[in-house]
Every structure is written in C-alpha cells, then in structure tokens.
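# Breakdown of the fold
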Amino acid sequence: SSIWNIMKDEQGTLWIGTFYGGVSLLNPELTHSEYFRVSESELSYPVVGKIVEDKDSNLWIATDGGGLNFMDRKHKTFKSYQSTSNPNTISSNIIKDIVYDRDNACLWVGTHHGGLNKLDLKTKQVKRYTLPPRLGVGRNDIRSIKLHEGLLYIGTRSSLIVFDPKTEHGELLIKEE
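Residues numbered from 1 in each chain as written. Predicted model: local features only at pLDDT ≥ 70, side-chain atom pairs only at ≥ 80, totals over all residues. Heavy atoms only, no water.

### Concerning the overall build of the chain
- Within the chain, the regular secondary structure consists of zero helices and 16 strands.
- Against the globule reference of 16 Å for 177 residues, the chain gives a C-alpha radius of gyration of 16 Å, in line with a compact fold.
- Considered along the principal axes of its C-alpha atoms, the chain spans approximately 50 × 35 × 35 Å.
- A total of 177 residues make up the chain; the buried ones form 50% of that total.
- For the chain, restricting intrachain contacts to residue pairs at least 6 apart in sequence, the fraction spanning at least 24 positions comes to 36%.
- Carbon and sulfur atoms make up 50% of the accessible area of the chain, which amounts to about 9,400 Å² in all.
- Within the chain, one finds 22 positive and 22 negative side-chain charges whose respective centroids are separated by 3 Å. (Helix = DSSP H or I, 4+ residues; strand = E, 2+ residues; numbered from the N terminus. Rg over C-alpha atoms; globule rule 2.2 N^0.38 Å. Buried < 20%, exposed > 50% of the residue type's maximum accessible area, 1.4 Å probe, protein only. Contact = heavy atoms within 4.5 Å. Areas by Shrake-Rupley, 256 points an atom, 1.4 Å probe, with all protein chains shown as cover. Lys, Arg positive; Asp, Glu negative; His and termini not counted. Charge placed at Lys NZ, Arg CZ, Asp CG, Glu CD.)

And the structure:
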C-alpha cells in the first residue's frame, strides 16, 4: 500500500511502483489492472522506485535493491541489470533515480553509493562515473537526476552537481556546509 512512484505512459496506463509490492498497472479508461511481482520471470526486487518509458514504449524500472529492470512490453518479458565486479555493469543494485535521454539514446542511472551510470540503449553497455571528491562528501550517493537542455542536474546526499555528458565533467552548484 506504500506507493513510491507513479508514471503515466503514452497509452494512458498508470504504472505504480510500490514498497515491497512490485509494480501495479491501472488503466482508468479500461478498468484493467495487472501486477508484476518478484520472480525469475518478472521483477528482481519488490521495492520499486522510478519507472520510465523509452521511445519504443518499453519500461525501465528502478529497484531499491535488485538493480535495474527492463520490461519489453510487446512480449511481456523482463531483463534485470545488476551490479557485479564487472565494470561494464551498473555500479549498485540500489537505484535512486533514472532518466531517459532520448537525444543520446541512453538511460542515466543514479545509484546509492555507486555514483552515476550511463546505459547505452543501443549497445546495452554501461559506463560508470565515479564523481571526484571535489564535488562533496556524498557525491556518489545520488538521490535525484534531472535532464535540462543537455545537462544533468544531480542531487546527492550533500550537494547539487551539474554534469555535462559531452565533456563528462561535473561542477558543484551547491554544497551543504
């Protein structure tokens, strides 16, 4: 019964991310409900945060312990992207925010103590960005990401950072004293 996120897709369906309840769907016009729970064929973790839709109407689902989930809506199949020692995987399974970047065909992933990740949607390759110490104590504990005019505004535990994806350089905007 604890809702962490609501996303409305292009078809008008509400995707509801819950705390220990997985993902629920509701289409008010069709009075249709559906649920996705933790299993080998569905979600990797029951605590669901942000949900975003890509240009192909597929869903990307951030979990708070099970990494990043991809849902192919056409086939109703799931794939999980999880952290391993391989540097080409996401840096943490605790995902706090995701942003779909249509112009660069990628997904920006903000993690708890793992910094920023970029998932290239064409190649499915992950690039990890560990933010430097000059950007504050909590720089790699990302809580929120906003994409505006090609720049990422990253809210961390102790600062606000602007990150330029083209130069891969971050600047401190606000630091908690």
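### Some details on the packing of aromatic side chains
- Under the counting rule described, the total for this entry stands at six aromatic pairs.
- Between W4 and F19, the ring centres sit 5.2 Å apart and the planes meet at 25°, which makes this aromatic pair stacked. On the criterion of sequence distance, the pair formed by W4 in strand β1 (residues 3-8) and F19 in the loop between β2 (14-18) and β3 (23-27) is long-range, its members being 15 residues apart.
- You can call W4 partly exposed: its relative accessible area is 40%. (Phe/Tyr/Trp six-rings, centres within 6.5 Å; stacked < 30°, edge-to-face > 60°.)

### Points about the pattern of salt bridges
- Counted by the stated rule, this structure contains eight salt bridges.
- Two residues, D141 and R143, come together in a salt bridge whose shortest N-O distance is 3.0 Å.
- The class for D141 is buried, based on a relative accessible area of 2%. (Salt bridge = Lys/Arg side-chain N within 4 Å of Asp/Glu carboxyl O.)

### Describing the sheet that holds strand β14 (residues 151-156)
- Taken in spatial order, the four strands line up as β13-β14-β15-β16 in an open sheet, and their pairing is antiparallel. The sheet is open, and its two borders are formed by β13 (142-148) and β16 (169-175), each paired with just one other strand. With direction set aside, neighbouring strand axes in the sheet form an average angle of 20°.
- Sheet topology places β14 next to strand β15 (residues 159-164); four bridges connect them, and they run antiparallel. In the sheet register, Y153 faces β15, and the bridge partner there is V162. (Pairing = 2+ DSSP bridges. Axes fitted to C-alpha atoms, helices over the stretch in contact; angles between N-to-C directions.)

### Thoughts on the environment of G155
- With respect to the helices, strands and loops of the structure, G155 is situated in strand β14.
- Take G155: its relative accessible area is 16%, and that puts it in the buried class.
- As for G155 and V52, which are separated by 103 residues in sequence, their C-alpha atoms are 18 Å apart.
- What G155 contacts, discounting residues up to four positions off in sequence, is D141, I142, R143, S144 and L160.

### A closer look at the side chain of T63
- Relative to the helices and strands, T63 is located in strand β6 (residues 59-63).
- Relative accessible area serves as the criterion here: at 0%, T63 is assigned to the buried category.
- In contact with T63, not counting residues within four places along its chain, are S44, Y45, V47, V48, N69, N93, I94 and I95.

### Some thoughts on the environment of L59
- Tracing the backbone through its elements, the reader meets L59 in strand β6.
- In this structure, the C-alpha to C-alpha distance between L59 and D72, residues 13 residues apart in sequence, is 6.9 Å.
- Not counting chain neighbours up to four residues away, the residues in contact with L59 comprise M7, W15, I51, V52, E53, N69, F70, M71 and R73.

### Considerations on the pairing of β13
- Looking at chain direction, β13 and β14 are connected through six bridges and run antiparallel. Residue pairing in the sheet places I145 in a bridge with I154 of β14.
- The turn joining β13 and β14, which pair antiparallel and follow one another in sequence, is formed by two residues; a positive phi near 50° is taken by E149.

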